[in-house]
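What follows is the residue order along each chain.
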Amino acid sequence: MSDTGALSRRHDMVVFLNGKYVPADQARVGIMTHALAYGTGVFEGIRGYWNEQREDVFIFRAREHFERLHRSCRIMQIDLPFTVDELVEAAAELVRRNGQRENIYIRPFAYKSDEIIGVKLHGLRDHFAMYSWPQGDYVGTDGLRCGVSSWRRVDDNMIPARAKVAGAYVNSALAKTEAQQNGFDEAIMLTSEGHVSEGSAENLFMVINGELITPPTSENILPGITRDTVIHLAHRELGRITRERVIDRTELYGADEIFLTGTGAQIAPVVAVDHRPVGKVKITPDSTEKFGPTVRGEIGPISREIQHIYNEVVRGMRPEYSSWCLGAHSSAKRPATVSARHTTNGQASNGHAESNGANGTNGHKSNGHTPARGRGGAEKATPGV
Ligand SMILES: Cc1ncc(COP(=O)(O)O)c(C=O)c1O
């Protein structure tokens, strides 16, 4: 990550704040802001990938991210006065105004902005901010060593797990810090029933006998957009159907392959869980014992293939997926017409996963933006926005 200082100190950067583009050092909140005290905000994380050849930043699946943001707002009773189309347009405009020609991360944030004391959701004003920031890898992509966390994943009836609620990230932070302070790279969280849920900010896939398996949304996962992308790519590119089913902790110990997925994490293969190597054992030169701290498995072929395909797709290098990639710079022709008004939106779905029927992601309405194979015309990169 190219961290060049806090955004509020960057006079040269622009933030989208309540419908206006303002200098970053003017985008500030008061100390009593409700969301700061109580975590009453919802957010998204969206990546944009710089493609040197095309001289463009491709914003990946912006539409699906803003649809999820709208759903999170509905759950948290936050008024978001911009349509998905307007938000997609504003994200691209932000990248243009900031002159970004690099890999970036876009962070929209809708939050309870009143400066009052009192725990509730209703009767409060809401604000919306969005910024874009240079971003490298969030976690390693060449083999993570994970530990199962002693912290359980929030339950839908505690803090809605399917929404990206700011306050819920205390749960993730506790798990991540515990994992790293115990010498792991990342945490794997179980549900309160003891089933595998997800990483601290990633969904989880395992491969057993060539079959891709991932927990269903009923396991309190965030329904990840990268997860959906992987289910699509595994089906269309590798001919593999992903099974959504409950996973027990010890299944992880015997899995042939495991990888985590997320906008930040991208495709991050896991090479050890709780000091058990995943897949083929690889003893490194400084290994002292079979299950010692440096023992790790090897990244498996399916993880590698998915990672390779994903890395090309997000950079706009596969024309058949161009509808997922919005060229921030090349889409400049269309005028920025962001205005405040209310709207609701549908849900993304994949249609390439098998569910065990327990509230899986199947059965959702199609969002109408499934990439058409062989459609070509990557130049357009305008996913219906
Ligand atoms: C808790 C959690 N789970 C899963 C994910 C992966 O979701 P996505 O692929 O949409 O980024 C994220 C990242 O946003 C997350 O914060």
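Please refer to the structure higher up on the page.
Because the structure is a prediction, the values reported are computed rather than measured.

1. Brief notes about the site of the ligand
And step 1. Close to the ligand lie 14 residues; Leu 222, Gly 224, Thr 226, Gly 262 and Thr 263 are nearest.
And step 2. Of all the elements, helix α5 (residues 225-238) adds the most residues to the shell around the ligand, at three residues.

2. Here we look at the packing of α5 against helix α7 (residues 301-314)
And step 1. The geometry of α5 relative to α7 is characterised by a closest axis approach of 10 Å and an angle of 105 degrees between their N-to-C directions. Classed by the angle they form, the pair α5 and α7 counts as roughly perpendicular. Contacts between α5 and α7 pair Thr 229, Val 230, Leu 233, Ala 234, Glu 237 and Leu 238 from the former with Glu 305, Ile 306, Ile 309, Tyr 310 and Val 313 from the latter.
And step 2. Residue composition of the contact of α5 with α7, by class: eight nonpolar, one polar and two charged.

3. Details of the nonpolar core
And step 1. Grouped together as the largest cluster of nonpolar side chains are 91 residues, with contacts concentrated most on Val 42, Ile 59, Ala 91, Met 206, Ile 258, Val 270 and Val 273.
And step 2. Examining the composition of this core, we find that eight residues originate from one element, helix α3 (residues 84-97), more than from any other.
And step 3. Taken together, domain 1 (7-138 + 324-347) and domain 2 (144-314) each give at least three residues to this core, which thus spans both.
And step 4. If we ignore the near neighbours within four places in the chain, the residues touching Ile 258 are Leu 204, Phe 205, Met 206, Leu 252, Val 270, Val 273 and Val 278.

4. Some details on the packing of helix α2 (residues 62-75) against α3
And step 1. As a packed pair, α2 and α3 sit with axes 9 Å apart at the nearest point and diverge in direction by 125 degrees. Between α2 and α3, the angle is such that the two are oblique. α3 is crossed by α2, and the crossing has right-handed handedness. Taken together, the residues of α3 that come into contact with α2 (itself represented by Ala 62, Arg 63, Phe 66, Glu 67 and His 70) are Val 84, Leu 87, Val 88 and Ala 91.
And step 2. Across the contact of α2 with α3, the residue classes tally to six nonpolar, one polar and two charged.

5. Some remarks on the pairing of strand β2 (residues 20-23)
And step 1. When strand β1 (residues 14-17) meets β2, the two strands line up antiparallel, connected through four bridges. Within β2, the residue paired with Val 14 across the bridge is Pro 23.
And step 2. Connecting the antiparallel pair β1 and β2 is a turn made up of two residues, with Asn 18 showing a positive phi of about 50 degrees.

6. A short note on the environment of Gln 26
And step 1. Among the secondary structure elements, Gln 26 is positioned in the loop between β2 and α1 (34-38).
And step 2. Note: C-alpha distance between Gln 26 and Arg 10 (16 residues apart in sequence) is 10.0 Å.

7. Notes on the pairing of strand β7 (residues 126-134)
And step 1. Where β1 meets β7, two bridges bridge the pair, whose relative direction is antiparallel. Looking at β7, one finds that Leu 17 is bridged to Ala 129.
And step 2. With nine bridges joining them, strand β6 (residues 104-112) and β7 adopt antiparallel strand pairing. Looking at β7, one finds that Tyr 105 is bridged to Trp 133.

8. A short note on α5
And step 1. Across its 14 residues, α5 extends 19 Å between first and last C-alpha, which sits within 8% of the 20 Å expected from 1.5 Å per residue.
And step 2. Counting buried positions over the 14 residues of α5 gives 10, a clear majority of the element.
And step 3. Those residues of α5 not exposed but buried are Ile 225, Thr 226, Arg 227, Asp 228, Thr 229, Val 230, Ile 231, His 232, Leu 233 and Ala 234.
And step 4. Positive backbone phi, approximately 70 degrees, marks Gly 239, located one or two places after α5.

9. A look at α7
An α-helical turn contains 3.6 residues, so any two residues separated by three or four positions project in the same direction.
And step 1. If you check α7, its first and last C-alpha atoms are 20 Å apart, about what 14 residues at 1.5 Å a residue would give, namely 20 Å.
And step 2. Listed in full, the buried residues belonging to α7 are Ile 302, Ser 303, Ile 306, Gln 307, Ile 309, Tyr 310, Val 313 and Val 314.
And step 3. Check the buried side of α7 and you find it contacts β4 (46-51), β5 (56-60), β11 (203-208), α5, β14 (257-262) and β15 (266-273).
And step 4. Looking at the residues trailing α7, positive phi occurs at Gly 316, about 70 degrees.

About the criteria used
Residues numbered from 1 in each chain as written. Predicted model: local features only at pLDDT ≥ 70, side-chain atom pairs only at ≥ 80, totals over all residues. Near = placed C-beta within 6 Å. Helix = DSSP H or I, 4+ residues; strand = E, 2+ residues; numbered from the N terminus. Axes fitted to C-alpha atoms, helices over the stretch in contact; angles between N-to-C directions. Parallel < 35°, antiparallel > 145°, perpendicular 65-115°, else oblique. Contact = placed C-beta atoms within 7 Å. Nonpolar A, V, L, I, M, F, W, Y, C, P; charged D, E, K, R; others polar. Core = buried A, V, L, I, M, F, W, Y, C linked by C-beta atoms within 7 Å. Buried ≥ 20, exposed ≤ 12 C-beta atoms within 10 Å, placed from the backbone. Domains from an automatic or database assignment. Left-handed = near helix turned anticlockwise from the far one by under 90°. Pairing = 2+ DSSP bridges. Expected span 1.5 Å × (residues − 1).

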